[in-house]
Amino acid sequence: PTSAMLRNILLLGIFASSYAYVSTPMTLARFSPAATSARSARTAIKMVDADTVLAVVPGLAALGVSLQNKNAGAFVAPQTTLVSNAEMLSIARENFKKWNDALQTKDAAYVASLYSNSDLSFLPTVSGKHIKKIDSTEEYFTDFVMKNPFGTITDDSVQIYGDGEAYLHSGMYTFELGEGAARAPVQARFSYVWRKINGDWKITHHHSSVRPEGPDMLTIARSNFQKWNDALQTKDAAYVASLYSNSDLSFLPTVSGKHIK
């Protein structure tokens, strides 16, 4: 039902009430006897019609109220339970722990079962492949679990999608890989998209890559010092001086009181 329909019902009720009023004997008595006599037949018909309309007015009114209530109910938004960011972050960390614990079992099939078997995008840490199928996921983990991986999240955040039916979990983690003295940490970045599929959380996207390291400035500094010291051994002053900037220079030598610029 629309608002236009309800308005028409209301107007019909008003029209019916007005029609009944002008057709009553009291209203007709205002006219001359001749006019009243001439209209007697039509008045009788009007009275019958008015009585009929008056009889249905309560029903029309009730119908209008009923339709209005139904119409109002049709536009009530469904109640949804929203998950807070803090709650979803807790769920994300629990799911990561479940995934990390699965690695400890060294059961590649079990690890792969945590991934969606359709609509998958998996970019692993130690593979150049873009894995899209569950069997390829199991194949990757068959080798990876033998490296004894153990992951620890060092920084993370979560973004919620679809009223809590999916989320993006991203951040940084450290993986320990290898055995004994050869075991070493690997700093990496990660992003997971987990989605509820038939009531179970499944990974539909997973990207993991080694975190790019900044330059080792201490090694660079020592190498440059060695280059400068070797230049001194040549006794070529011009060559030594070429290692210095020819602008924006501040040089305070050992055996001079000057500030060379």
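Structure shown above.
Let me begin by describing the structure that accompanies this report.

About the cut-offs
- Every chain is numbered on its own, with residues counted from 1 as its sequence reads.
- Two thresholds apply to this predicted model, a pLDDT of at least 70 for residue-level local features and 80 or more for giving and counting side-chain atom pairs, whereas whole-chain, interface and lining totals are computed over all residues.
- The basis for every side-chain value is the complete set of heavy atoms in the structure, and neither hydrogens nor water enter the calculation.
- Being paired, for any two strands, means DSSP has found at least two bridges between them.
- For helices the rule is a DSSP run of H or I covering at least 4 residues; for strands it is a run of E covering at least 2, with both sets numbered from the N terminus onward.
- For helices, the axis comes from a line fit to the C-alpha atoms of the stretch in contact; other axes are also lines fit to C-alpha atoms, and the angle between any two N-to-C directions lies between 0 and 180 degrees.
- We call two residues contacting when some pair of their heavy atoms lies within 4.5 Å.
- Note on exposure labels: buried denotes an accessible area under 20% of the residue type's maximum, exposed denotes more than 50%, and partly exposed covers the range between, all computed with a 1.4 Å probe on protein chains only.
- The arc refers to the directions leading from the helix axis to the C-beta atoms.

## Some points on the sheet that holds strand 1 (residues 121-123)
Stage number 1. Read from one edge to the other, the open sheet built from five strands follows the order 1-5-4-3-2, with strand pairing classed as mixed. Of all the strands in the sheet, the pair left with one neighbour each is strand 1 and strand 2 (150-161). Adjacent strand axes in the sheet meet at a mean angle of 25° when their direction is disregarded.
Stage number 2. Alignment of strand 3 (residues 166-177) against strand 4 (residues 184-197), held across 12 bridges, turns out to be antiparallel. Across the sheet, S170 pairs through a bridge with S191, a residue of strand 4.
Stage number 3. Relative to the sheet, helix 5 (residues 85-104) contacts strand 2, strand 3, strand 4 and strand 5 (200-210), its axis offset from that of strand 2 by approximately 140°.

## Side note on helix 7 (residues 134-144)
Turn by turn, an α-helix covers 3.6 residues, leaving residues three or four places apart pointing in a common direction.
Stage number 1. Regarding helix 7, the residues found buried are T137, Y140, F141 and F144. Seen from one end, helix 7 has its buried residues packed into an arc of 95°, which puts them on one side. Exposed residues lying more than 90 degrees from the buried face of helix 7 are E139 and D143.
Stage number 2. At its buried positions, helix 7 is contacted by helix 5, helix 6 (108-112), strand 1 and strand 3.

Don't take any of this as a statement about function, it's just geometry.
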